[in-house]
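Observations on the three-dimensional arrangement
The chain contents come next:
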Amino acid sequence: MSGFTPVTTGNSQRKESSKGARILKRTLAAVAVIVCIAALAHFAVTTAFRMIDSSLEQKQMTALSERTALANLNSAGLGTPDLSAFAHIETGNLIGPRIEGVEVGELTQVGDASGEQQRTVVATAAYRNNSVEIAVPLTQLYRYDDKAGSWAPDPVEVGAPSVTPLRGPSTYALEQALPDLLSAHSPDVAQQFEGCNVSIDSSMTEKGGLAIATLSKEQNKKLSECEVTINASWSATQGWQLTVTSVSKVATSDVANSTNVGDPTMSLTCNAGDLVELDGTIESVNGTAVLRTSETIQVSLGGKRYVVNRFCLTSTDSSRTLSEGSRVTLQGRLTATGTIENAPLSVEITQVG
């Protein structure tokens, strides 16, 4: 024996093998992490692009402008609002509609399987004339048409009108309502003055107020007169509400001696022979045809002043007939040749309307 101990290499080989396995595991783990990161990045990018595409599509779908909504409302053919619920207002010569306050609502989605997208447009249609302002609420539903890629409007829904008065009821409206109003307040007076002449002095405003109606009627050479006070108040749902608040005592006088015509309610300045137009009721006073006017008129003729409500009537046309009690509008030439004390002026008739 040489004295040397043989050297073994088993442990060294096992150590090398264990070290290689650890390196491989680390490498595989690193690769796995990289793969996971790449997968997550791909998912994030894909999701982001999908969200961007969806957002762009959503923005395009909800592009319903106020200008488009206004154009559709203007072309909807809106007619005159129904004002039948509002009493004693003037509905003629309405200007409108003028579309105001257009608002496009938020996007909503129907909860059923269709998933239909909708928007609601609201606006106001405004009308007016010299007597009233009217506001009518409008609603129009829009549905998104996926195939056409646009919004399709439903018919316009028209709400109940809101009416605001700009002035009180007209004297014509008061005169038309007076017979029924008087019958409800004083049936006997209403019967006595049926078909009478009416002159109305109104101080009513857009807030209402009072008017005085002077009634006059000639019968059997007697003139009967009385005053009726009318009150007006505004109802937001029914229009002008009219009531008679008082009726004066009836005054009776002889027609020939009736010279108190009251204060003038209009004026007229002219020269003898000028053409004038008057309206009133035909009367007969001592066999002379007379026009009793609705207004008491201050006439300045040839430098002289007259306050009258009756005019003697003449005509060169012998075939012209005037029925006593008839209400007429006539044209004629004015002169100071009246033959009756309370009708010092005369009209030579040229035309009867």
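Every residue gets a number counted from 1 within its own chain, in the order that chain's sequence is written. The predicted nature of this model means local features are confined to residues of pLDDT at least 70 and side-chain atom pairs, given and counted, to a pLDDT of 80 or more, with totals for whole chains, interfaces and linings taken over all residues. Processing note: side-chain calculations cover all non-hydrogen atoms of the structure and skip hydrogens and water entirely.

1. Observations concerning the overall build of the protein
Only DSSP runs of H or I with at least four residues qualify as helices, and only runs of E with at least two residues qualify as strands; both kinds are numbered from the N terminus onward. On a plain count of helices and strands, the protein comes out with 4 helices and 18 strands. Think of it in three bands: with a 1.4 Å probe and only protein chains considered, a residue is buried below 20% of the maximum accessible area for its type, exposed above 50%, and partly exposed in between. In the protein, buried positions account for 30% of the 353 residues. Any two residues having at least one pair of non-hydrogen atoms within 4.5 Å are treated as being in contact. Taking all contacts inside the protein whose residues are at least 6 apart in sequence as the whole, residues at least 24 apart take part in 59%. As presented, the protein carries roughly 21800 Å² of accessible surface, and 51% of it is formed by carbon and sulfur atoms. Shrake-Rupley sampling with a 1.4 Å probe provides the accessible areas, and residues are treated as covered by the protein chains on show and by no other component.

2. Examining the pattern of salt bridges
Any carboxyl oxygen of Asp or Glu within 4 Å of a side-chain nitrogen of Lys or Arg constitutes a salt bridge here. With the rule as written, the count across this model stands at 8 salt bridges. With its nearest N and O atoms 3.0 Å apart, the salt bridge here joins glutamate 116 to arginine 143. Residue glutamate 116 is located in the loop between strand E2 (108–109) and strand E3 (117–128), and its partner arginine 143 is located in strand E4 (residues 132–145); the two are separated by 27 residues in the primary sequence. Taking the relative accessible area as the measure of exposure, glutamate 116 reaches 25% and is therefore partly exposed. The partly exposed category is assigned to arginine 143, whose relative accessible area is 29%. Between arginine 143 and aspartate 154 there is a salt bridge, with its nearest N and O atoms 3.0 Å apart. Placement of arginine 143 in strand E4 and of aspartate 154 in the loop between strand E5 (150–153) and strand E6 (157–158) is noted, with a sequence separation of 11 residues between them. The exposure class assigned to aspartate 154 is partly exposed, which follows from its relative accessible area of 22%.

3. Comments concerning unusual backbone geometry
The omega torsion across glycine 96 and proline 97 is 10 degrees, close enough to zero to call that bond cis. Structurally, proline 97 is set in strand E1 (residues 95–104). Even without glycine at this site, histidine 88 takes up a positive phi of about 60 degrees. As for its position among the elements, histidine 88 is in the loop between helix H2 (66–74) and E1. Positioned with a positive phi, asparagine 93 is a non-glycine residue whose angle comes to about 55 degrees. Relative to the helices and strands, asparagine 93 is located in the loop between H2 and E1.

4. Details of helix H3 (residues 171–185)
Any helix carries an expected span of 1.5 Å times its number of residues minus one. Taking 1.5 Å of rise per residue, the 15 residues of H3 would be expected to cover 21 Å, and the 19 Å separating its terminal C-alpha atoms lies within 8% of that figure. We define the bend at any residue as the angle between the axes fitted to the seven residues before and including it, ending there, and the seven starting there. In H3, a bend of some 45 degrees at leucine 178 exceeds every other bend along the element, and proline 179, a proline, comes one to four places later. Along H3, the residues that are buried comprise Ala173, Leu174, Ala177, Leu178, Leu181 and Leu182. Where H3 is buried, its residues meet helix H4 (187–192), strand E8 (197–202), strand E9 (209–219), strand E10 (222–235) and strand E11 (239–247).

5. Thoughts on the pairing of strand E15 (residues 288–301)
Pairing between strand E13 (residues 266–270) and E15: 5 bridges, direction parallel. Paired with methionine 266 across the bridge in E15 is isoleucine 297. Think of it this way: DSSP has to see at least two bridges between two strands before they count as a pair. Here E15 pairs with strand E16 (residues 304–314) via 8 bridges, running antiparallel. Its bridge partner being in E16, isoleucine 297 is matched across the sheet by valine 308. Taken together, E15 and the strand that follows it, E16, pair antiparallel across an intervening segment of 2 residues, in which glycine 302 is found at a positive phi of about 60 degrees.

6. Some words on the confidence of the model for the protein
The predicted structure's coordinates, where accompanied by low pLDDT, should not be read in detail. Per-residue confidence for the protein gives a mean pLDDT of 84; residues scoring 70 or more make up 80%. Values of pLDDT, the confidence the predictor places in each residue, fall between 0 and 100. In the model, residues 52–59 has pLDDT below 50 throughout and makes 1 contact with residues more than four positions away in sequence or in other chains.

7. Comments concerning the packing of aromatic side chains
The description of an aromatic ring pair uses the distance of the two centres, along with the angle that the planes make with each other. Side-chain rings of Phe, Tyr and Trp, where Trp is taken by its six-membered ring, are said to pair if the distance between their centres is within 6.5 Å; with planes under 30 degrees apart they count as stacked, over 60 as edge-to-face, and otherwise as tilted. One pass over the structure, following the stated rule, counts 3 aromatic pairs. Centroid distance tyrosine 144 to tryptophan 151: 5.2 Å. Interplanar angle 70 degrees. Geometry classified as edge-to-face. Like tryptophan 151, tyrosine 144 is buried. When the ring of tryptophan 234 is compared with that of tryptophan 240, the centres are 5.1 Å apart and the planes differ by 75 degrees; the resulting orientation is edge-to-face.

8. A short note on the nonpolar core
Counting 43 residues, the largest nonpolar core has Leu73, Ala213, Leu215, Val228, Ile230 and Leu242 as the members making the most contacts within it. Tallying contributions element by element places E4 first for this core, with 6 residues. With residues up to four places along the chain from it excluded, the contact list for leucine 73 reads Leu78, Ile99, Val102, Val121, Ala123, Leu138, Gln140 and Val156. Buried residues of nine kinds, namely Ala, Val, Leu, Ile, Met, Phe, Trp, Tyr and Cys, make up a nonpolar core once their side-chain atoms join them within 4.5 Å. Core analysis: the next-biggest nonpolar cluster, separate from the first, contains 18 residues, Leu278, Ile297, Tyr306 and Val308 among them.

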